[in-house]
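Here is how the chains run, residue by residue.
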Amino acid sequence: MPQLIKIEGERASTVDDLFTFVADEDAVPAAGDVIVTLARLSSEGDALLSSGRRVGVRLQPSDAVEDLAYDLGALAVIELAFAKFRDGRPYSSARVLRGRLNYQGELRAVGDVLREQALHMVRCGFNAFEPADGSTAEQWLAAAHRYRHVYQRAADDREPVFVERAQIASGLGHNRPDEVGV
Amino acid sequence: MKMLTANSLTTGEVVFWDHGQWSVRFADGERFEADEAADAALALAETQPKIAVAAYLIDVEDNDGHWVPIAFRERLRALGPSNTPQHGKQADGDADVEAFQASHSSARSTGRVKLIKR
Amino acid sequence: MYRYDSLDKEMLTDRSNEFRHQAARRLSGEITEDQFKPLRLMNGLYLQLHAYMLRIAIPFGTLNTKQLRRLAWVAKTYDKGYGHFTTRTNLQLHWIKLRDAPDILDALAEVDLHAIQTSGNCIRNITADPYAGATADEIDDPRVWVEAMRQWSTNHPEYSYLPRKFKIAVTAAEKDRAAIRSYDVGLHLRRTRDGELSFEVMVGGGQGRTPYLAKTIREHLPAGRLLSYLDAVLRVYNRQSRRDNIHKQRIKILVATLGVEEFTRQVEAEWALIEGADIDLPDTELARIRAAFMPCAFDPQPASSPVFEAAKADPEFARFTRRNVHPHKVPGYAIVDISLKVPGETPGDASSEQMDLVADLADAYSQGEVRINYTQNLVLPHVKLADVPAIYAALKPAGLATANMDLITDIIACPGLDYCTLANARAIPVAQSIAKRFADPERAEQIGDLKINISGCINACGHHHLGAIGILGVDKKGEEYYQLSLGGSGGDDAELAKILGPAMSGPAIPDAIETLVETYIVHRKDGERFLDTVRRTGLQPFKEAVYASAD
Ligand code: SF4
């Protein structure tokens, strides 16, 4: 069975992927959890979602996540496909899903998913990964935590540098006020 | 005639294929009469990604008894930048380099068999 | 002057450790060149014709002397003892080895320098007016905002894999010395009638294959909302731009395709939905950055200096003051340009010794500060008028006192085919041959302001679209040819140069420039610059002169 890396806070684990991806040209299996395309979700979504199994969707980089707004509560997982690791659209899709559409469920990165992009993916709200480079859960977690500081707020709960600075200045943060400032 | 060139992975220096290994000297480079042999060398070089980067074939011609690349760009690679004669392979100033510089102005055709952008 | 605090420094350390790790994985074969290339590019490391090239960021074109000395040291230790200053106010080292690169990045990080995002499809190093903080005509120090944007754009989780590179420039002075309309985003800071700081936001400029000047999408953006607004611009770009044709993936193409109204509508709609409070810097952080840019105290000086005036008895010094010395906002002070354009030498190159000398002079006379101008020259921003003669005397023997700012010999040239893998033709020797032809400083000054900009290919790193005379290298059946264009400018009177006629060979260029200059002198009216004459008469007289004499 295919494996997935899941990240929860500071922990990473490898789990079995219980879902089957069904391409548009294939028939949906009679039973079992499935992940379908956006096209199939729009045409067969109601029937699938009421068939007593878990249903997820896989979006391509050009698919608009806003199209999922109506089904969001019923979806068990959303996969965002990286066609090439250089195609950065799924990062924006993830930010909109998490920040604007308030999606709380599992968000997977699939396709050309490489460890070097782990930090960006985690920060944009992905929490499950199908690495194309054979990375282990430990390697993935280490790559995602390579930086002690971040400069922006994102979909994770890390505080940016300007908040850290304010905390240090007010004596709430790490104890090194002499190094702070100009 | 063709030659196979690349840049060394660790140093970036221009290198030329010489019967299964890379040399920093243009004069050492192997010349291929047949396209098949050149392509085979390229394929072999591509199985050694830890040694050289972005290997490609260039056209070379006989210029009064000296082999030179046809493309101006390749002449600059084999010599060094024209604004600093003290830098690059031209700094050694051997007979090949002189022949090269003498035929500098007669470059024709891009010789861009497969232009690599990196 | 702004200094990184412990948090910034830890980020730089983490970054160079990350790169060390990535380079090791490449050398061991764990990752492929395809996977490694974008990683090294995001750390400024290119593979050029002869070696690797490292592009080091000089944020807002400002260096302290410790940093300049470190650059000199890196150039001497790991390269061939010189560096090339670029039109993006970066320093490029042309002879770098991959195996040294992690050590170099460590050495740079020690003095708060880095090569982060100097290449790759991300938000690049952001540039500003080279006279920022010194010029009399600015309403705020634009570097405050550049630093805010540096933080926001560094390692941006959403915008590190954009369709293409993304460049931003800022000015806060009425005179645009940063060519902001040639950028993906150009920002012009002004005060509104009620005294608030506000940005005019221009989007979609760029040079290259399809040059455009940026169009205004918002006249008045409250300055404190800058980052969230940029976030909206970037999100629309990241989501909407094409990704199927590398030549059509800059934001200028998206703006042109959608039309500026529709693009603006989408940005405003996105901005309305963005949680600005999460992105815009709090006032306390802006105040902290602003305090760091507060100029040091300037000793009060008499508005004029007898020493300075007396030194003008030397006609060469007098010329230096006319061309390279500019008014400072504080009376009795001046901004001094240091030319890296000795006729016959490589434009923008400085040796390690020259960098060390400039650092010494900046320590002695310019509050320890040096600037990089996009015209590939250096600047001492805070000089007492009375000290100018001593500075001149020190610069002269080092080949740094050429009095030619904005003159025909102050040529911008990219590295071209001598170094660059993308080039069609060489740029440096063309610049050298023109500058040598016009090396007589008296003649150059009689000709007056005339910007010649040379690029070795359509990527336009040498700003050929923005030259009063632009020269573009093209490949004509394997030979180096050059296409001339006239009438461009990157300043307040920004306009793209227009092509003059068929391309010509390299050796023909100095004569052609000579003809253009003669034609200008025949047609010029009182006080007209070359650019003004070209714009008034159009290209016709110039075209006729150049191509008649070529027949
Ligand atoms: S304009 Fe072309 S040749 Fe010149 S530096 Fe840029 S890419 Fe290279």
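The structure presented is a predicted model; accordingly, all values stated were derived computationally and were not measured.

The rules behind these values
- Residues numbered from 1 in each chain as written.
- Chains lettered and ligands numbered in written order.
- Predicted model: local features only at pLDDT ≥ 70, side-chain atom pairs only at ≥ 80, totals over all residues.
- Heavy atoms only, no water.
- Phe/Tyr/Trp six-rings, centres within 6.5 Å; stacked < 30°, edge-to-face > 60°.
- Lys NZ or Arg CZ within 6 Å of the ring centre and 35° of its normal.
- Helix = DSSP H or I, 4+ residues; strand = E, 2+ residues; numbered from the N terminus.
- Buried < 20%, exposed > 50% of the residue type's maximum accessible area, 1.4 Å probe, protein only.
- Contact = heavy atoms within 4.5 Å.
- Polar contact = N/O pair within 3.5 Å; in protein donor to acceptor, adjacent residues only side chain to side chain.
- Disulfide = S-S within 2.5 Å.
- Expected span 1.5 Å × (residues − 1).
- Domains from an automatic or database assignment.
- Buried area = accessible area lost by both parts, 1.4 Å probe.
- Salt bridge = Lys/Arg side-chain N within 4 Å of Asp/Glu carboxyl O.
- Nonpolar A, V, L, I, M, F, W, Y, C, P; charged D, E, K, R; others polar.
- Near = heavy atom within 4 Å.
- Core = buried A, V, L, I, M, F, W, Y, C linked by side-chain atoms within 4.5 Å.
- Pairing = 2+ DSSP bridges.

Student: Sorry if this is basic, but what is going on with the packing of aromatic side chains here?
Tutor: Between two aromatic rings, the relevant description is the distance of the centres plus the angle of the planes. A full pass over the atoms with the stated rule returns 22 aromatic pairs over all chains. Grouped by ring-pair contacts, the aromatic residues A:F82, A:F85, A:Y91, A:F126 and C:Y161 constitute a single cluster. Note that C:K80 overlies the ring of C:W95, its terminal NZ or CZ placed 4.6 Å from the centroid.

Student: Can you walk me through the environment of C:L417 in this structure?
Tutor: Position of C:L417 among the secondary structure elements: in the loop between β16 (412-413) and α15 (428-437). Judged by relative accessible area, C:L417 falls into the buried class, the value being 2%. The contact partners of C:L417, leaving out residues within four places of it in the chain, are B:F72, B:R73, B:L76, C:L49, C:A423, C:N424, C:A425, C:R426, C:A427 and C:E480.

Student: What is the right way to read the side chain of A:E116 from this model?
Tutor: By secondary structure assignment, the location of A:E116 is in the loop between β7 (106-111) and α3 (118-124). One polar contact links A:E116 to C:Q22, side chain to side chain, over a distance of 2.9 Å. Not counting the four nearest positions on each side in its chain, A:E116 is found in contact with A:R146, C:Q22, C:R25 and C:L39.

Student: What am I meant to see in the state of the cysteines here?
Tutor: The full count for this structure, using the stated rule, is zero disulfides over all chains. This cysteine, A:C124, is not joined by any disulfide, and C:C122 carries the nearest cysteine sulfur, 15 Å off.

Student: Is there a simple way to think about helix α6 (residues 226-240) of chain C in this case?
Tutor: Given 3.6 residues to a turn, an α-helix orients residues that are three or four positions apart in the same direction. The terminal C-alpha atoms of α6(C) lie 21 Å apart, and with 15 residues this matches the ideal 21 Å at 1.5 Å per residue to within 8%. The buried count for α6(C) comes to 14 of 15 residues, which makes it a mostly enclosed element.

Student: I tried to follow the side chain of C:T62 on my own but got confused; where do I start?
Tutor: Residues and elements named next belong to chain C. Position of T62 relative to the elements: it lies in strand β3 (residues 62-64). Overall, T62 belongs to the buried group, its relative accessible area being 4%. Discounting chain neighbours no more than four positions away, the residues touching T62 are M1, Q67, R143, E369, V370 and R371.

Student: Quick question: what am I supposed to make of the domain arrangement of chain A here?
Tutor: Accessible area lost when the parts come together is the quantity often used to give the size of an interface. Residues and elements named next belong to chain A. Under the domain assignment used here, chain A contains domain 1 (3-146) and domain 2 (148-182). Here the C-alpha centroids of domain 1 and domain 2 sit 32 Å apart. Taking both partners together, domain 1 and domain 2 bury about 570 Å²; carbon and sulfur atoms supply 43% of that area. For the domain 1 face of the interface with domain 2, the top three residues by lost area are R95, R123 and R146, together amounting to 76%. Taken together, the links from domain 1 to domain 2 amount to one salt bridge. Between R123 and D156 there is a salt bridge, with its nearest N and O atoms 2.9 Å apart. Between domain 1 and domain 2 we count three residue pairs in polar contact (both at pLDDT 80 or more) in total. Looking at the side of domain 1 that touches domain 2 element by element, the count peaks at four residues for α3. Of the residues contributing to the side of domain 1 that touches domain 2, the split by class is four nonpolar, one polar and four charged.

Student: What is the right way to read the site of the ligand from this model?
Tutor: Surveying the vicinity of the ligand reveals the residues C:C414, C:P415, C:G416, C:C420, C:L422, C:A423, C:S455, C:G456, C:C457, C:N459, C:A460 and C:C461. Of the residues belonging to the shell around the ligand, the class tally is eight nonpolar, four polar and no charged.

Student: Teacher, can you tell me more about the pattern of salt bridges here?
Tutor: If charged atoms from side chains of opposite charge come close, those side chains can pair. Under the criterion given, the structure shown has 76 salt bridges over all chains. A salt bridge links A:E116 to C:R25, with the nearest nitrogen and oxygen atoms 2.1 Å apart. With A:E116 in the loop between β7 and α3 and C:R25 in helix α1 (residues 6-27), this pair bridges two chains. Linking C:R290 and C:D140 is a salt bridge whose minimum nitrogen-to-oxygen distance equals 2.5 Å. Pair noted here: C:R290 is in helix α10 (residues 283-293) and C:D140 is in the loop between β6 (127-128) and α5 (142-153), with a separation of 150 residues, a long-range link. Taking relative accessible area as the criterion, C:R290 reaches 28% and is therefore assigned partly exposed. Since its relative accessible area comes to 9%, C:D140 is described here as buried. Each of A:R165, C:D5, C:D8, C:E147, C:R150, C:E285 and C:R288 takes part in salt bridges that share partners, so that together they form one network.

Student: What is the right way to read the interface of chain C and chain B from this model?
Tutor: Taken together, the contacts link 39 residues of chain C with 29 residues of chain B. Across the interface of chain C and chain B, roughly 2700 Å² is buried in total on both sides, 55% from carbon and sulfur atoms. Of all residues in chain C, the largest losses of buried area upon contact with chain B belong to C:L47, C:L49 and C:H50, amounting jointly to 19% of the total for that side. Joining chain C to chain B, the criterion identifies zero salt bridges. At the surface where chain C touches chain B, the tally comes to ten residue pairs in polar contact (both at pLDDT 80 or more).

Student: Can you walk me through the nonpolar core in this structure?
Tutor: Among soluble globular proteins, nonpolar side chains are generally buried collectively. Within the largest apolar cluster, 103 residues are counted, with the highest numbers of intra-cluster contacts made by A:I78 and C:L380. At six residues, helix α3 (residues 65-78) of chain C tops the list of elements feeding residues into this core. In contact with A:I78, other than residues within four places in its own chain, are A:V57, A:L68, A:L72, A:L97, A:Y103, A:E106, A:L107 and A:R108. Judged by nonpolar contacts, the second largest core, of 63 residues, contains C:L187, C:V233, C:F263 and C:L286.

Student: Which parts of the structure should I look at to understand the interface of chain A and chain C?
Tutor: Residue-level contacts link 39 residues of chain A with 47 residues of chain C. Interface of chain A and chain C: buried area, both sides summed, is about 4200 Å²; carbon and sulfur atoms make up 50% of it. When the area that chain A buries against chain C is broken down by residue, the three leading residues are A:Y147, A:Y151 and A:R165, summing to 18%. Counting every contact that joins chain A to chain C gives twelve salt bridges. Ionic pairing is found between C:E158 and A:R95, a salt bridge with its closest N-O pair at 3.5 Å. Taken together, the links from chain A to chain C amount to 25 residue pairs in polar contact (both at pLDDT 80 or more).

Student: Honestly, the sheet that holds β6(C) in this entry has me stumped. Any pointers?
Tutor: Working definition: the strands of a sheet are paired by backbone hydrogen bonds and lie parallel or antiparallel to each other. Residues and elements named next belong to chain C. The sheet built from five strands is open, its strands ordered β6-β7-β8-β9-β10 with mixed pairing. Looking at which strands have only one partner, the edges of the open sheet turn out to be β6 and β10 (215-222). Two strands pair when backbone bridges link them, and β6 and strand β7 (residues 168-171) are joined in this way by two bridges, in the parallel orientation. Across the sheet, A128 pairs through a bridge with V170, a residue of β7.

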